Amino acid sequence: MSQINDLPLSAVSASDGSRGQRIAFVQAQWHSDIVHQARDAFLEEMQRQGVPLDRIDVFDVPGAFEIPLHAKRLARSGRYAGIVGCALVVDGGIYRHEFVASTVVNSLMTVQLETDVPVFSAVLTPHHFHEHVEHRKYFHRHFAVKGTEVAEACVKTLAALQQVDALLAA
């Protein structure tokens, strides 16, 4: 399997034709103790996959709703081969959390299709979330699993896109 640190500059394209070699991880700060579990697992798995940590930039945003605009600006910069958005969207009793989560995930899909930079989502919303200890423990564990999974998806997708680019260039 190809690793990101072995990719040539032409491996992944941005919308303006420039090439990026970095990975961005954009994390919401709501429930940061839980979200950081995904970030830490992501960083650990990326390093295990051979991606140097100095090639990964972590960005903090207030909440999930702010992730797509950051992702879009980062994608347009041409510096990033891939971007990960990570958040826990819960029912705050004021609005429908499904709406927020759906809007964020749909926007992330739009960003990747508009910029040609893969955007990965670890934006998760539980059906029910309660602040009690058992729920928090569960989501700490669950987000660690999701962090590992999004790292694996990132590495595999970037390698697959490199193969597609090579076939299209032939």
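How each quantity is defined
Residues numbered from 1 in each chain as written. Predicted model: local features only at pLDDT ≥ 70, side-chain atom pairs only at ≥ 80, totals over all residues. Heavy atoms only, no water. Salt bridge = Lys/Arg side-chain N within 4 Å of Asp/Glu carboxyl O. Helix = DSSP H or I, 4+ residues; strand = E, 2+ residues; numbered from the N terminus. Buried < 20%, exposed > 50% of the residue type's maximum accessible area, 1.4 Å probe, protein only. Core = buried A, V, L, I, M, F, W, Y, C linked by side-chain atoms within 4.5 Å. Contact = heavy atoms within 4.5 Å.

Visitor: Can you lay out the pattern of salt bridges for me, pointing to particular residues and giving the numbers?
Guide: As enumerated under the stated definition, the model contains five salt bridges in all. The closest approach of N and O atoms between aspartate 57 and arginine 22, which form a salt bridge, is 2.6 Å. Placement of aspartate 57 in strand β2 (residues 56-61) and of arginine 22 in strand β1 (residues 22-28) is noted, with a sequence separation of 35 residues between them. Classification of arginine 22 as buried rests on a relative accessible area of 19%. The closest approach of N and O atoms between arginine 39 and aspartate 40, which form a salt bridge, is 2.8 Å. We classify arginine 39 as buried; its relative accessible area is 18%.

Visitor: Which residues make up the nonpolar core, and what are the values?
Guide: Counting residues in each nonpolar core, the largest one holds 23 residues, and the members touching the most others are Ile23, Phe42, Met46, Cys86 and Phe143. Elements supplying a minimum of two residues to this core: β1, α1 (32-48), β3 (80-88), β4 (119-124) and α4 (133-169). Looking at this core element by element, the count peaks at seven residues for α4. Setting aside chain neighbours within four positions, we find cysteine 86 in contact with Phe25, Val26, Gln27, Ala28, Val35, Ala38, Ile67, Ala122, Val123 and Phe143. Counting residues in hydrophobic clusters, the runner-up holds 20 residues, among them Ala75, Val89, Val104 and Leu108.

Visitor: Tell me what's going on with the environment of alanine 41, and back it up with residues and numbers.
Guide: Tracing the backbone through its elements, the reader meets alanine 41 in helix α1. Relative accessible area serves as the criterion here: at 11%, alanine 41 is assigned to the buried category. Sequence-wise, alanine 41 and alanine 144 are 103 residues apart; in three dimensions their C-alpha atoms are separated by 5.3 Å. Apart from the residues lying within four places of it in its own chain, the contact partners of alanine 41 are Ala144, Gly147 and Thr148.

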